Amino acid sequence: MIRRSWTRPASIEETLALWAASLREIKKRIRPLFNQDRVATNAGLFLESLLGDEQRKTGWMRAEAAGDPGPWRQQAILGRRDWDADGLRDIVRDYVIEHLADDDAVLVIDETGFLKQGKASCGVARQYTGSAGKITNCQIGVFAAYVSRHGHAFIDRALYLPKEWTDDPDRLEAAYVPPDAGFATKPKLATRMIARAIAASVPFKWVAGDTVYGVGDIEQQLRQAGKGYVLGVSSAHVFQSWGKRRSVAGKAADIARTRRPSDWKRLSAGAGTKGPRLHDWCYLELADLEVEEFNSANQGLWTRGLLIRRHIADGDLAFFTTWCPAGTSIETLVAVEGHRWAIEDSFETAKNEFGLDHNESRSWHGWHRHVSLVMLAFAMMAVIRHRQSAAAKKNETPNHSKNQSIATPSLIRWSIQEVRRIAIRLARKRIQPAHIIAWSLWRRAHQAAAQRAHFKANRQLVLVYPGFRGASHRWG
């Protein structure tokens, strides 16, 4: 017998009050960035337009939503007014940490592409981007996302400048690139973000990233800081063990081929939309090292290792270099690697909901200002989502039935899209609030039912057919 524990939904007044209070708090935090009240007001209207439901967040669309007669005020926020985008970045980071902080959090590093036409937009070039899956004309932004049990949000960003830009002083000057910017690889941009997070005392225990960030200075930086990591590397990356009973030496792909069937363990890297993201995993401890010489606050025995992920359906392999306190389980490392999904989800949501890729400014500071404002809008919704979920959990009716065999929530967890949808409809006052709330409950209940059905079907198939690949293994 399955019993459901129903949660009391937030009232209309609570929902509106939380949205309004959060927006007031955000505007108050960013006010010191601007020298004039009218500029601060326009920045607030810019933020509101990002939170609105216009499909395109262009200057014209934002201006129309703000009630402006033309796009000039909106454009001035990005281009012609003197304010510090890095100051806004730090405000976003502090706001996220204040509400979502957790000592076991993971800092996830990744990049995303912004498709562009022409050659004038700062950093644009023909380069590979995973957003399009090919080499195309685009900008590349490197981002750091803070991922904890409370939620996830961006806390840092940087625009990547290709060599063809940094070798052309006239082009840099035309895009108002600071003289000290210079060329920096994507891993170098990542090390700067990690250094800023550490300097700001951001609480996190792990760093995760794909193969772009798995080699170079990042490993040494994290070891010295006493932070664990799970970083992707290529199949040709060479590993070597010492001080271990089973000797390991060679390229990652060659090492994987020599593993015995008993070395592999089927684990989930986290829950996806259609069930656990199951893969086969193998973890090899390569060496144990004392770290007192690096960081006095994290003394003790730490382990360097190799984590291998094998796709259940086609046997496709992925490799990760790891660094963790001795005794860390493979389950923990798999969970850390699975947190990379959060930044992919964040990119998709920020582009679809908040116009991350709708920036029309061609300048260096215009890109960083636009992206930082989008990060702020995203962070506000992430915090509201956390508060809504925490309130629902607090009001959950406990179920102490002895016959309860499976604990199933009646509603799916709040999504940023759902929080935004409700707030916009309530603010417009075109539909009765009770109707809006009722539809939200209906959607989340049916989504929860569909999710339970997917989970149950996958569990049964995996039990009956051990080789079954499960639901979609795409990130997100």
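Let us look at the structure shown here. Predicted model only: the values in this text are computed from it and were never measured.

Quick notes on the rules
- Residues numbered from 1 in each chain as written.
- Predicted model: local features only at pLDDT ≥ 70, side-chain atom pairs only at ≥ 80, totals over all residues.
- Heavy atoms only, no water.
- Helix = DSSP H or I, 4+ residues; strand = E, 2+ residues; numbered from the N terminus.
- Buried < 20%, exposed > 50% of the residue type's maximum accessible area, 1.4 Å probe, protein only.
- Contact = heavy atoms within 4.5 Å.
- Areas by Shrake-Rupley, 256 points an atom, 1.4 Å probe, with all protein chains shown as cover.
- Polar contact = N/O pair within 3.5 Å; in protein donor to acceptor, adjacent residues only side chain to side chain.
- Expected span 1.5 Å × (residues − 1).
- Axes fitted to C-alpha atoms, helices over the stretch in contact; angles between N-to-C directions.
- Parallel < 35°, antiparallel > 145°, perpendicular 65-115°, else oblique.
- Left-handed = near helix turned anticlockwise from the far one by under 90°.
- Nonpolar A, V, L, I, M, F, W, Y, C, P; charged D, E, K, R; others polar.
- Pairing = 2+ DSSP bridges.
- Salt bridge = Lys/Arg side-chain N within 4 Å of Asp/Glu carboxyl O.
- Core = buried A, V, L, I, M, F, W, Y, C linked by side-chain atoms within 4.5 Å.
- Phe/Tyr/Trp six-rings, centres within 6.5 Å; stacked < 30°, edge-to-face > 60°.
- Lys NZ or Arg CZ within 6 Å of the ring centre and 35° of its normal.
- Right-handed = clockwise from strand over helix to strand, strands pointing away.

### Comments concerning the overall build of the protein chain
Along its length, the protein chain carries 15 helices and 14 strands. Residue burial in the protein chain is summarised as follows: out of 476 residues, 52% are buried. Considering only residue pairs separated by 6 or more positions, the protein chain has 68% of its internal contacts joining residues 24 or more positions apart. A total of about 22900 Å² of accessible surface is found on the protein chain, and carbon and sulfur atoms cover 51% of it.

### Re the side chain of arginine 309
Mapped onto the fold, arginine 309 is located in strand 12 (residues 301-310). With a relative accessible area of 17%, arginine 309 lands in the buried category. Engagement of the side chain of arginine 309 in a polar contact is seen with the side chain of glutamate 337, the distance being 3.2 Å.

### Examining the environment of valine 106
For valine 106, the location among the structural elements is in strand 2 (residues 106-115). Each C-alpha atom of the pair valine 106 and alanine 145 lies 8.3 Å from the other, and the pair is 39 residues apart in sequence. If we skip the residues at most four places from it in the chain, valine 106 touches Ala145, Tyr146, Val147, Trp206, Val207, Ala208, Val336 and His339.

### Quick look at helix 2 (residues 37-51)
Compared with an ideal rise of 1.5 Å per residue, which puts 15 residues at 21 Å, helix 2 spans 21 Å between its outermost C-alpha atoms and is within 8% of the ideal. For helix 2, every residue scored as buried is listed here: Val39, Ala40, Asn42, Ala43, Gly44, Phe46, Leu47, Ser49, Leu50 and Leu51.

### As for the packing of helix 8 (residues 186-199) against helix 9 (residues 217-225)
A pair of packed helices is captured by two measures, namely the crossing angle of their axes and the spacing between those axes. Two numbers describe how helix 8 lies on helix 9: the axes approach to 9 Å, and their chain directions differ by 15°. Taken together, the axes of helix 8 and helix 9 lie roughly parallel to each other. Crossing geometry of helix 8 relative to helix 9 is assigned as right-handed. Contacts between helix 8 and helix 9 involve Pro187, Ala190, Thr191, Ile194, Ala195 and Ile198 from the former and Asp217, Ile218, Gln221, Leu222 and Ala225 from the latter. In terms of residue class, the contact of helix 8 with helix 9 is made up of eight nonpolar, two polar and one charged.

### Quick look at the pairing of strand 13 (residues 317-325)
Of all nine residues in strand 13, seven are buried, a share of seventy percent or more. Pairing between strand 7 (residues 228-233) and strand 13: five bridges, direction antiparallel. Opposite valine 230, over in strand 13, you have threonine 322 as the bridge partner. Of the strand pairs in this sheet, strand 12 and strand 13 are connected by nine bridges, and their pairing is antiparallel.

### Concerning the pattern of salt bridges
Following the criterion strictly, the structure yields 25 salt bridges and no others. Arginine 171 is the salt-bridge partner of glutamate 164, the closest N and O atoms lying 3.6 Å from each other. Between aspartate 254 and arginine 257 there is a salt bridge, and its shortest N-O distance comes to 2.2 Å. Taken together, the positions of aspartate 254 and arginine 257, both in helix 10 (residues 252-257) and three residues apart, correspond to about one turn of that helix. Each member of the salt-bridge network shares a partner with another, and the members are Asp86, Arg89, Asp90, Arg93, Asp94 and Arg157.

### Looking at the nonpolar core
The biggest cluster of nonpolar side chains holds 105 residues, and the ones touching the most others in it are Leu51, Phe143, Phe154, Val207 and Leu307. Element by element, the count of residues in this core is highest for helix 13 (residues 364-394), at 15 residues.

### Some remarks on the packing of aromatic side chains
Under the definition given, this model contains eleven aromatic pairs. Ring plane angle 50° and centroid distance 5.4 Å describe the contact between phenylalanine 154 and phenylalanine 378, whose orientation is recorded as tilted. Separated by 224 residues along the polypeptide, phenylalanine 154 in strand 5 (residues 151-160) and phenylalanine 378 in helix 13 bring together distant segments of the chain. According to the relative accessible area criterion, phenylalanine 378 is buried, its value standing at 0%. Linked through ring pairs, Phe114, Phe143, Phe154, Phe347, Phe354, Trp367 and Phe378 together constitute an aromatic cluster. Sitting above the plane of the tryptophan 323 ring, arginine 223 keeps its charged end 4.7 Å from the centroid. Positioned above the aromatic ring of phenylalanine 114 is the side chain of lysine 351, whose terminal nitrogen or guanidinium carbon lies 5.4 Å from the ring centre.

### Overview of the environment of alanine 132
The topology assignment puts alanine 132 in the loop between strand 3 (125-129) and strand 4 (134-148). On the basis of relative accessible area, alanine 132 is assigned to the partly exposed category, the value being 33%. Separated by 19 residues in sequence, alanine 132 and glycine 113 place their C-alpha atoms 7.7 Å apart.

### Some points on the pairing of strand 7
Counting buried residues along strand 7, six of its six residues qualify, which places the element largely inside the surrounding structure. Neither face of strand 7 is left uncovered, since the one carrying Gly228, Val230 and Gly232 and the one carrying Tyr229, Leu231 and Val233 both have all their residues buried. For strand 6 (residues 206-209) and strand 7, the ladder comprises four bridges, and the chain directions are parallel. In the strand pairing of strand 7, tryptophan 206 is matched with glycine 228. Handedness of the crossover joining strand 6 and strand 7 through helix 9 is recorded here as right-handed.

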